[in-house]
Structure formats: C-alpha cells, structure tokens
Amino acid sequence: GGVADAFFEPRSLEELGEFLAALPESTPVTWIGLGSNLLVRDGGVRGVVVSSGGLPKIFEADAEGRVHCSAALPCATLAKRAARAGLGPAAFFAGIPGSLGGALAMNAGAFGGETWDSAVDVETIDRAGVVRRRQKAEYQVGYRSVQGPGPEWFVGATFAFSSAQEAEPEKIRALLRERTEKQPLGQPSAGSVFRNPDDGHAGELIERAGLKGARCGGAVVSEKHANFIINDGSATAADIEALIHRVRSRVREETGVELEPEVRIIGEAGQA
C-alpha cells in the first residue's frame, strides 16, 4: 500500500493523549495495531495514522483471576502469559495474529473462542485524549462485530479468567500446530479475507467455486486455505482488492452466498 500523510507511534498513553488533544478536529485519524488484518490501498492514507506498536505491552494478573492487558499486547503473548499464570480459557488467543486492540475492535476469534468472551471492561481514548473505563454492557458484540460509544479507540481491557481446566501450554502448542497445518502462515497475507457465513465456512465456499489458485496480478488465492489471498511478492493493493471482488462475485454466482470481508481496507486508490 501507499504512505500516510503523517505517522505517529506514541511511547506512552500520556504522550498519545497529548498528541490527540493537540490535533486539529479536521484531521482524519486512522488507528492501527500490528496491521495483521489490514489492506492499505496504493494511494496511501490521508491525515494521521496512529500506531499502537510503541505503547507499553502490559499483562497484569491479580489473585482473583482478573487480568489487565494493554491494547498493544500481541494476542499470542496474552495466551502464553495467561498459560504461565495457570489462567484460562485463553489459549485461543494464540491463534489471533494481531494485538489486543484490534482484536477488541472486531471481536477477533480462533479455535472456538472470541476476544470478548471473558472481557469485563475496557479502557478507551477519544479524539480529545480523554481516557475512559467502559463496561462490557456498553457494547453490542457479535461475530466479528463490535458496536459501542465512539469515536473512541481501545487502549486496554480487563478479563475475568479462572484456573485453567487443562494444561494450557500444551493446548497452545497443539492449536498452533493445527493452524500451521491448515493456513499459509509462511507466506505474506492479510489473514482470513472473509467472515464465515452463518451456515458454513468461507474457505469451503471459495474452494467449491473453483477459485483455489485464482490470480489477479501478484495476488493469488492460497492453495492451502482458500480464505487467504497471498502476495507472491509483486502484488499491489489493487491486485488484492480486485481478487477480493472477483472471489465475492464468483461465490455469489455459484452459491448465492454474499461473502463479507473480514480484512479491513483503508486508504485511497493509487494512480492507474
């Protein structure tokens, strides 16, 4: 994808708050975490891109089994730290290739678990730099969907875990082996392209439509898992987006199912 007009990576929540408070209201703000579920168009992003990657990566557990985590914490790290603390269920977080902030924003999930399952409350920050603590009940949470007060961004969350019912470290290793076997993790992609429909799996529908190996420029539907689009090294964002549209159209024609993108597409189209 293209470049941002401005890119800001704060080192503390205080620094972030000061930056947002001083930013003109007319300046667009785009927030990113690890960028694992993101496609940036070739024309780049107007306004300011705020990256949470430089913020402290916090995991704090108390004697009650409650865990406070910062939004910058990678989900895989959350899973491992919870396992070491004997808390769960949290092993599924190891299958989410992003940071907690992005997982909260879309209710990311893996292996039957979802981010908001054990959430108690969250911390957010708004355009004025004001930090708030909000209860889970203030949000409408669904499959890969979160609606709540805004515009605000997640900066932390508290989870209520209990003593793990099984050996979480072993479970994490087993889940990661399964993920490696089924997904093209060694190749560049933006993760799962489409949400699973209510009565099936996106990858199966794409495969049934004969689209494994389909290509637009340098973008290719993975032969290993059809719900992944791989960059062969030469793909533009436009190639990937064109292939997304082609896959949606073919699946709709073949099955009548309208696939909804899970990958987030931002920015402006580049010059042809």
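Structural notes, computed from the coordinates. Quick caveat: nothing in here was measured; it's all calculated off a predicted structure. (Residues numbered from 1 in each chain as written. Predicted model: local features only at pLDDT ≥ 70, side-chain atom pairs only at ≥ 80, totals over all residues. Heavy atoms only, no water.)

1. A short note on helix α2 (residues 75-84)
- For α2, the full list of buried residues reads Cys75, Leu78, Ala79, Ala82 and Ala83. Take α2 and look down its axis: the buried residues cluster within an arc of 130 degrees, on one side only.
- Where α2 is buried, its residues touch β5 (59-61), β6 (66-70), β7 (87-88), α3 (100-106), β14 (152-160) and α4 (168-182).
- At the C-terminal side of α2, Gly86 shows a positive phi close to 70 degrees. (Buried < 20%, exposed > 50% of the residue type's maximum accessible area, 1.4 Å probe, protein only. Helix = DSSP H or I, 4+ residues; strand = E, 2+ residues; numbered from the N terminus. Arc of directions from axis to C-beta. Contact = heavy atoms within 4.5 Å.)

2. Some details on the sheet that holds strand β1 (residues 4-8)
- Strand order across the open sheet formed by 3 strands is β1-β4-β2, with parallel pairing between neighbours. At either end of the open sheet lies a strand with only one pairing partner, and these are β1 and β2 (29-32). Each adjacent strand pair in this sheet contributes to an overall mean axis angle of 25 degrees, direction not counted.
- As judged from the 4 bridges shared by β1 and strand β4 (residues 45-51), these two strands associate in the parallel manner. (Pairing = 2+ DSSP bridges. Axes fitted to C-alpha atoms, helices over the stretch in contact; angles between N-to-C directions.)

3. Comments concerning the state of the cysteines
- For the structure on display, the rule yields 0 disulfides.
- The thiol sulfur of Cys75 is not disulfide-bonded, and the nearest other cysteine sulfur, from Cys69, lies at 9.2 Å.
- Given a relative accessible area of 0%, Cys75 falls into the buried group. (Disulfide = S-S within 2.5 Å.)

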